[in-house]
Amino acid sequence: MNALTNDLISEAEREAVLQLRHAMHREPELSNNEWKTQKRIIDTLARFGLTKVNMFHKTGVYVDIEGSSPGPKRSIALRGDIDALPIQEERDDLPYQSQVPGVMHACGHDMHGSIALGTALAFHRMRENFSGRVRVFFQPAEEAEPLGGRTVVEEKLLEGFDAAVGFHVRTDIPAGSYGARAGAVTKSADQFSIEFTGRMAHGAKPHLGVDAIAIAGAFINEVQKVVSREMPVDDGAVVTIGTIRGGEATNIICPSVSMTGTIRTSSPERRTLLVQRVRDIAEGIAAVHRGRADFSSHAGEPPVVNDGAMVALFRQVVVQSGGEQLYIEGSASSGSDDFGFYSSCLPSIYFWFGSKEPGNESGVHTPTFGVSDSTLIPTTELAIRYCWELLHS
């Protein structure tokens, strides 16, 4: 196997990675609007000689680095997401604080995209020393539909690849620590909407109407039994009612109520069943109350499922790089990530890097979330080292 060079990332590359992180954080862009970020990434890649880039999903970029050394010619895809969230940042201690009102990188995608950049630059510099191909995705729209991960699969951008690598910051493990675990590590996230229809009547004569609010209330109570009585405990299924709207007057029997929500499960096999059972309960409850339910659903991201052999290799790389104490397996998340589209196509790993430090313990998707620059270069180097091992394993 070809030996990995000692200089995983050069000084110039290191500076470019930090600059991109700060620029992305100062000028965050929401899902499907990452135009400045896209241009910034393309310009930075070109500065280092990577001029043959490809666009996808309008605001996304991917680049291929071909190794010219003899070897097994494996192909690895690495994803760094780049979109921000509609949250007002409350971190006035940062010199690179968001300058866009109501928008911030509250989920660490400025870190993710910058790690991807460092990986691309390093493999480009080392292209004569490795065998195979590395495709680095700077993926837009992880946070909101239309999802960038779905486009990667629909446009067949993973065809011919052997494995995919993704990563995410975690606020519940210490900065400088890393982890992964085999199996499902996030949940699918499917959206649903329901329109309950009854019949209007005066509030003094409810028997003349069909109360859509009563139907909706009964549904909210009953639907949770799908989770508590029909799903295995270790699945961790979640049904969330996110919005509910109905009624216009205090003395009128409400004729219609609309609601929306999400359905999550870690099981690809039970995903369809869970959506169907929510539909069954909505329609059944409405019928019992002499009303009607119009149910619709939209399939979101699948669960991210980690390949056991890839996790074992990752642990080995972490331990060899910094010692046993740096590896923290961590627990699966109840959240979702469109890296699930990647893992549905290829053996994949979605590893975690920690950000928890004294005084910096806010969770993701909060106004005070932050990740120290001190974790950026070490995590970039780990990603490079791990992809190198995958190429030559």
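Keep in mind the model is a prediction, meaning the values are calculated, not measured.

Draft legend 1. Here's a closer look at the sheet that holds strand 4 (residues 131-139). Reading across the sheet, the 7 strands line up as 1-2-4-3-5-15-6 and stay open at both edges, with mixed pairing between neighbours. Pairing within the sheet leaves two strands with one partner each, and these edge strands are strand 1 (53-56) and strand 6 (178-179). The sheet contacts of helix 7 (residues 308-322) involve strand 5 (163-174), strand 6 and strand 15 (348-356), and relative to strand 15 the element is tilted by about 40°.

Draft legend 2. Main features of the packing of helix 1 (residues 11-26) against helix 9 (residues 376-391). Between helix 1 and helix 9, the shortest axis-to-axis distance is 11 Å and the interhelical angle comes to 120°. Read as a crossing pair, helix 1 and helix 9 show a hand that is right-handed. Where helix 1 abuts helix 9, its residues Arg 14, Val 17, Leu 18 and Arg 21 lie against Leu 376, Ile 377, Thr 380 and Glu 381. Broken down by class, the residue content of the contact of helix 1 with helix 9 amounts to 4 nonpolar, 1 polar and 3 charged.

Draft legend 3. Main features of the side chain of Glu 29. Looking at the element boundaries, Glu 29 is found in the loop between helix 1 and helix 2 (35-47). Within the buried core, Glu 29 has no salt-bridge partner, and the shortest N-O distance to an opposite charge, that of Arg 40, equals 5.7 Å. A polar contact of 3.5 Å, which involves the side chain of Glu 29, links it to the backbone nitrogen of Trp 35. In this structure the side chain of Glu 29 is engaged in a polar contact, spanning 3.0 Å, whose partner is the backbone nitrogen of Lys 36.

Draft legend 4. The arrangement of the sheet that holds strand 13 (residues 292-298) in detail. Taken in spatial order, the 4 strands make up an open sheet running 10-12-8-13, and their pairing is antiparallel. Either end of the sheet is taken by a strand with one partner, and the two such strands are strand 10 (238-246) and strand 13. Neighbour-to-neighbour, the strand axes of this sheet turn through a mean angle of 20°, independent of strand direction. Pairing between strand 8 (residues 190-197) and strand 12 (residues 256-264): 8 bridges, direction antiparallel. Paired with Phe 192 across the strands is Gly 261, a residue of strand 12. Strands strand 8, strand 10 and strand 12 of the sheet are contacted by helix 5 (residues 212-230), whose axis makes an angle of about 175° with strand 10. Running over the sheet, helix 6 (residues 268-288) touches strand 8, strand 10, strand 12 and strand 13 and is turned about 165° from strand 13.

Draft legend 5. Layout of unusual backbone geometry. Put simply, Glu 145 and Pro 146 share a cis peptide bond, and its omega is -10°. Assignment of secondary structure puts Pro 146 in the loop between strand 4 and helix 4 (148-154). With a phi close to 60°, Lys 73 is a non-glycine residue in the positive phi region. You can see Lys 73 is positioned in the loop between strand 2 (60-68) and strand 3 (75-81). Under the relative-accessibility criterion, Lys 73 is labelled partly exposed at 46%.

Draft legend 6. How the structure looks around the nonpolar core. Counting residues in each nonpolar core, the largest one holds 58 residues, and the members touching the most others are Leu 45, Phe 138, Val 165 and Phe 314. Dropping the residues within four chain positions of it, Phe 138 is found in contact with Ile 41, Leu 45, Phe 56, Gly 60, Val 61, Val 63, Gly 80, Ile 82, Gly 113, Ala 116 and Leu 117. Ile 215, Val 226, Val 227 and Ala 286 belong to the second-largest nonpolar core, a separate cluster that totals 28 residues.

Draft legend 7. A look at the packing of aromatic side chains. By the definition in use, this model includes 15 aromatic pairs. Centre to centre, the rings of Phe 167 and Phe 351 are 5.5 Å apart; their planes meet at 40°, and the pair counts as tilted. Of this pair, Phe 167 sits in strand 5 while Phe 351 sits in strand 15, and the two are 184 residues apart along the sequence. Of the two residues, Phe 167 and Phe 351, neither departs from the other in class, the shared state being buried. When the ring of Phe 314 is compared with that of Phe 351, the centres are 4.5 Å apart and the planes differ by 20°; the resulting orientation is stacked.

Draft legend 8. Highlighting the pairing of strand 15. Here strand 15 lies mainly inside the structure; 8 of its 9 residues are buried. The pairing of strand 6 with strand 15 spans 2 bridges and is antiparallel. Looking at the pairing, Tyr 178 lines up with Phe 353 of strand 15.

About the criteria used
Residues numbered from 1 in each chain as written. Predicted model: local features only at pLDDT ≥ 70, side-chain atom pairs only at ≥ 80, totals over all residues. Heavy atoms only, no water. Pairing = 2+ DSSP bridges. Helix = DSSP H or I, 4+ residues; strand = E, 2+ residues; numbered from the N terminus. Contact = heavy atoms within 4.5 Å. Axes fitted to C-alpha atoms, helices over the stretch in contact; angles between N-to-C directions. Left-handed = near helix turned anticlockwise from the far one by under 90°. Nonpolar A, V, L, I, M, F, W, Y, C, P; charged D, E, K, R; others polar. Buried < 20%, exposed > 50% of the residue type's maximum accessible area, 1.4 Å probe, protein only. Lys, Arg positive; Asp, Glu negative; His and termini not counted. Salt bridge = Lys/Arg side-chain N within 4 Å of Asp/Glu carboxyl O. Polar contact = N/O pair within 3.5 Å; in protein donor to acceptor, adjacent residues only side chain to side chain. Core = buried A, V, L, I, M, F, W, Y, C linked by side-chain atoms within 4.5 Å. Phe/Tyr/Trp six-rings, centres within 6.5 Å; stacked < 30°, edge-to-face > 60°.

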